[in-house]
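Commentary on secondary and tertiary structure
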Amino acid sequence: MIVSKFGGTSVGSAENIKKVIQIVQSKSEASAVVVSALGGVTNLLIKASQQALENNVNYADIVDEIEDRHFQTIEGLLHHDNQTVCKAEVAKKLNQLKDILNGVALLNDLSEKTTARIVSLGEQLSSFIIHQSMLQAGIKAQLVNSSECIKTDDQFLNAQVELEKTYGNIKAKIKESDAQVHILPGFIASNNKGEITTLGRGGSDFTAALVANAVSASLLEIWTDVSGMFTANPQLVRQAYPIEEISYQEAMELSHFGAKVLYPPTIQPVLDKNIPILIKNTMAAEDKGTLITEKSLVSGSIVKGISHIGDIALLTLEGNGMVGVPGISKRLFGALAQNNINVKFITQASSEHSICIAIDSNESTLAKQAVDAAFEFEILQHKVNPLIVEDGLAIIALVGDHMKSHQGISGKMFSELGNNNVNIRAIAQGSTEKNISAVINEKDVRKALNSLHAVFFEDQIKQINLFVVGIGNVGGKLVEQIRSQYKYLLENLHLNIRVVAVANSRKMLFDPSGVDLEKWEDELDAKGLSSDMSAFMVKMKELNLRNSVFVDNTANQDVPDLYEACLKHSIAVVACNKIACSSSLDNYKNLKYLSRKYNAPFLFETNVGAGLPIIDTLNNLISSGDEITEIQAVLSGSLNFIFNNFSADSSFYNVVEQAGIEGYTEPDPRIDLSGIDVMRKILILMRESGMPCELDDIENDSFLPQVSLDANTVPDFMETLKQASQHFEDLRTKAEAADSRLKYVASYKNGKAKVGLQHIPKEHPFYNLDGKDNIVLFYTNRYKDQPLIIKGAGAGAEVTASGIFGDIIRTGNK
Ligand code: ADP
Ligand code: ASP
Ligand code: MG
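What you are looking at is a predicted structure, and each value in this text was computed from that prediction instead of being measured.

This part takes up the pairing of strand S10 (residues 290–293). Where strand S8 (residues 245–247) lies against S10, three bridges are found, and the strand directions are parallel. Within S10, the residue paired with Glu 245 across the bridge is Leu 291. In terms of strand pairing, strand S9 (residues 277–281) meets S10 through three bridges, oriented antiparallel. In the sheet register, Leu 278 faces S10, and the bridge partner there is Leu 291.

Structure, rendered in structure tokens:
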């Protein structure tokens, strides 16, 4: 015989019950069918009983809602003639429910016994309706009263089953009938006085396991709303997938640690008789599902699944008087056991100085009272401290039978959590090493599950989540490059780069599943919120996504204020914005320090020479022990463009205007022409070379006339360029007379740096620098006579965007 259990969603509507009937009809042998209440009905019954207790009259509405649900289901399933009888039975039972609820409201008393009676109704109703539908479909079916068969103790809401008696009763009931299908309501049972008890939330799975044992079934099927037991909760981890085969032990560990798809006590009765369990999806019956047997596959992934339990409280008992004193643990656990508090997790420091225990949050007040009372004497004597209770926690667990024979799994687990700034409060590894579990903050659960899932199950594809601020010239190109390179990076570098937020000065848009890069502009217009950088930060923290990267494509003064908070939350920062790195030395050093401390990359390659690998090369020189002695550089693509195009045929003003139009200057051209931009760049190179210096330490010999330096606005400034055309003509003709070209040069030597316009003679490497190119000569201990030269396009949106892209990819290699 096969035992099939159908869960709440599977019997949650007429349409789904029809699928259930089809599945049952397709069996060639007799079957026992265990059913849950219609999905959500148990919760409604609990809610109604709570409201009755609080004397909230709305409980009557809930009863009406329950009636509607059942009536609709009946109408969708049964012929008109059969509906009346069925509805009458439902109405009768719901009238009894109303009476009980009125009693609860009047007496202002709700015992566990009454609650059990109330919640048992869900399964009673569903089994009745399903039985009727099967009869109508011509199936020879009997309805078995499971509450009579399953005998338990008096813990009404979490009753313990008397196994032998129960097995005998079920066996007899099924044997005495010649039905093809035996329908049993799940979840419900009774004590020896015949009063209704229930088997705990999710308990219908357990009913089915009891039936399977009783009839020595060949298979226990658990039909539910997902296609098997997944590698992680599919509601939290999108990439999770069904595990094909798993051992009883592994399934037990996963369900014990929160994989709700199987109620933990379900395994033991079937394990006793070695009956396989098959988890299947009622809504996708063709999917393979998960097979649970005693054998444990050695092939495939070593870690079989990751699960978690939320609403956990951590109890810590500590004190100097605990060391070497026997019996402390016994008294601690005794106090918890006496209060029926279930312990989910234990660790003890090897010094015996403290014991850590995790329990359900809603039992923490009781636990504190019980433990403090048990140790009252020691607490008074300051040998033991009052119990410390921390709430808002969760347990995550990696499960796999073969983890014990593989090194490095816990190392990988904890370094991944560390890299993602998930704080670990306690760790436990079962001595059998079938699970490694850790207590973390509840708010980090989604991130922890997803990052661990990526490491242990996802072909090592790393997801990088980008928060992009600034989507004008450079940012727009960046988004375009990410869109066109997406597939290549996924396939070749195993990086899944997703833009989860975009913002410009007007609007910001968040989409945790990834902004559609084909139409981000329309979406930003249509759905964007008005831009606010502190709100942007709050949202970024709230989303708490793994491998988050904040990308600053702006030249804005204020955006860099967010970097510190980003790094402190392990959000990497990639910036072409030079403000932060050229701000005060303290700020620069602090950001570098935070980057190391929180293991969050802070990358700004495009601060100097756009996409050219200048900072990266410099970092490689330094980290391999070299020392920079001198730097000679042309670092302004804008100024280079301007002086290369400035000729007898086009005035200085015209060339500057042209450079602006082509996007080679900063939005405010004064930043380029005053030399401040080049000063910032050489400052950053010096700092990256290990020299502590401030912007004021750099000498700036400006080529601009005083009127231009004094101009307050961009238009005024442009006007002065027109007026002072003779000044610029003189600069040009003097250089020509000396057979030289004008180049704006930054140099560093002997601890001193300066920027300014220079006459570059023909034989100099700078002489032939074209267009908007940059060049840097590094003289170092290793490159003494011949400098290390980096040369190439040093300005423009396309190359800058590709430099930023390079930094983003580098964050993926951290
Ligand atoms: P039923 O009503 O059929 O008993 P449950 O709601 O009790 O269904 O269990 C199925 C649900 O368990 C799934 O919809 C899923 O959200 C949740 N779940 C949690 N962890 C897992 C996991 N590891 N694999 C599959 N489902 C899981
Ligand atoms: N209906 C019960 C519950 O929701 C039992 C079950 O569905 O397994 O907990
Ligand atoms: Mg369930």
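What follows covers the sheet that holds strand S14 (residues 388–399). Strand order across the open sheet formed by six strands is S12-S13-S11-S14-S16-S15, with antiparallel pairing between neighbours. The open sheet is flanked by strand S12 (345–348) and strand S15 (424–429), the only strands paired with a single partner. Going from strand to strand, the sheet's axes swing by 30° on average, the running direction of each strand aside. In this fold helix H10 (residues 248–256) packs onto strand S11 (305–318), S14 and strand S16 (435–441), with an angle of close to 60° to the strand it touches most, S11. Those strands touched by helix H16 (residues 445–457) are S11, S14 and S16, and its axis lies near 125° from that of S11.

A word on the site of ligand 1. Within the structure, ligand 1 sits among 16 residues, and Gly 8, Thr 224, Asp 225, Phe 230 and Lys 260 are positioned closest to it. Here an oxygen atom of ligand 1 and a backbone polar atom of Gly 8 are 2.9 Å apart. Take Val 261: an N or O atom from its main chain is 3.4 Å from an oxygen atom of ligand 1. Residues that form the shell around ligand 1 fall into these classes: seven nonpolar, six polar and three charged.

On to the site of ligand 2, then. As a structural note, the neighbourhood of ligand 2 is formed by Ser 36, Thr 42, Glu 123, Phe 187, Arg 201, Gly 202, Gly 203 and Ser 204. Ser 36 is positioned with one of its side-chain polar atoms (N or O) 3.0 Å from an oxygen atom of ligand 2. Between Ser 204 and ligand 2, the recorded distance is 3.0 Å, taken from a backbone N or O atom to an oxygen atom. When isolated, ligand 2 has an accessible area of 260 Å², and the protein chains bury 87% of it.

The next thing to look at is the sheet that holds strand S28 (residues 773–780). Taking strand neighbours across the sheet as the criterion, the six strands line up as S25-S27-S26-S24-S28-S29 in an open arrangement whose pairing is mixed. Strand pairing shows two members of the sheet lacking a second neighbour, strand S25 (698–701) and strand S29 (788–793), which therefore form its edges. Averaged over neighbouring strand pairs, the angle between their axes works out to 20° when direction is ignored. Here strand S24 (residues 628–634) runs beside strand S26 (residues 740–749); their pairing, made up of four bridges, is antiparallel.

Moving on to the layout of surface pockets. Regions of empty space are outlined by a rolling probe, equal in size to a water molecule, passed over the atoms. Within this model, the second largest pocket holds a volume of roughly 930 Å³. Taken together, 45 residues form the lining of the second largest pocket, with Asn 553, Thr 554, Ala 555, Glu 666 and Pro 667 sitting closest to its centre. Along the lines of polarity and charge, the residues of the lining of the second largest pocket split into 15 nonpolar, 23 polar and seven charged.

Bringing empty space enclosed by the protein into the picture now. One pass over the full model with this rule turns up two cavities of 30 Å³ or more. Of the pockets and cavities examined, the second largest cavity occupies roughly 50 Å³. As for the second largest cavity, its lining consists of 11 residues, of which Asn 420, Lys 447, Leu 545, Asn 547 and Ser 570 are closest to the centre.

With that settled, consider helix H2 (residues 41–53). Counted at 1.5 Å a residue, the expected span for H2 with its 13 residues is 18 Å, and the 18 Å between its end C-alpha atoms agrees. Taken residue by residue, H2 has Val 41, Thr 42, Leu 44, Leu 45, Ala 48, Ser 49, Gln 51 and Ala 52 as its buried positions. Within two residues after H2, Asn 55 carries a phi angle of roughly 60°, on the positive side.

What follows covers the pairing of S24. The element S24 is extensively covered by neighbouring structure, given that six of its seven residues are classed as buried. As paired elements, S24 and S28 share six bridges and run antiparallel to each other. Counterpart to Ala 633 in the pairing with S28 is Val 776.

Summed over all chains, the structure comprises 36 salt bridges. The salt bridge partner of Lys 98 is Asp 64, with a shortest N-O separation of 4.0 Å. With Lys 98 in helix H4 (residues 80–107) and Asp 64 in helix H3 (residues 59–77), this pair connects stretches of sequence that are 34 residues apart. Two residues, Lys 304 and Glu 250, come together in a salt bridge whose shortest N-O distance is 3.4 Å. Taken as a pair, Lys 304 in the loop between S10 and S11 and Glu 250 in helix H10 lie far apart in primary sequence, 54 residues in all. Given the relative accessible area of 7%, Lys 304 is considered buried. Judged by its relative accessible area of 1%, Glu 250 falls in the buried class. Three or more residues joined by partner-sharing salt bridges are found here, namely Lys 578, Glu 666, Asp 677 and Lys 681.

What counts, and at which threshold
- Residues numbered from 1 in each chain as written.
- Chains lettered and ligands numbered in written order.
- Predicted model: local features only at pLDDT ≥ 70, side-chain atom pairs only at ≥ 80, totals over all residues.
- Heavy atoms only, no water.
- Pairing = 2+ DSSP bridges.
- Helix = DSSP H or I, 4+ residues; strand = E, 2+ residues; numbered from the N terminus.
- Axes fitted to C-alpha atoms, helices over the stretch in contact; angles between N-to-C directions.
- Contact = heavy atoms within 4.5 Å.
- Near = heavy atom within 4 Å.
- Polar contact = N/O pair within 3.5 Å; in protein donor to acceptor, adjacent residues only side chain to side chain.
- Nonpolar A, V, L, I, M, F, W, Y, C, P; charged D, E, K, R; others polar.
- Areas by Shrake-Rupley, 256 points an atom, 1.4 Å probe, with all protein chains shown as cover.
- 1 Å grid on protein atoms, 1.4 Å probe; cavity = no way out; pocket = protein on both sides within 12 Å on 5 of 7 lines; lining within 4 Å.
- Points joined across faces, edges and corners; volume = space filled by probe spheres on them.
- Expected span 1.5 Å × (residues − 1).
- Buried < 20%, exposed > 50% of the residue type's maximum accessible area, 1.4 Å probe, protein only.
- Salt bridge = Lys/Arg side-chain N within 4 Å of Asp/Glu carboxyl O.

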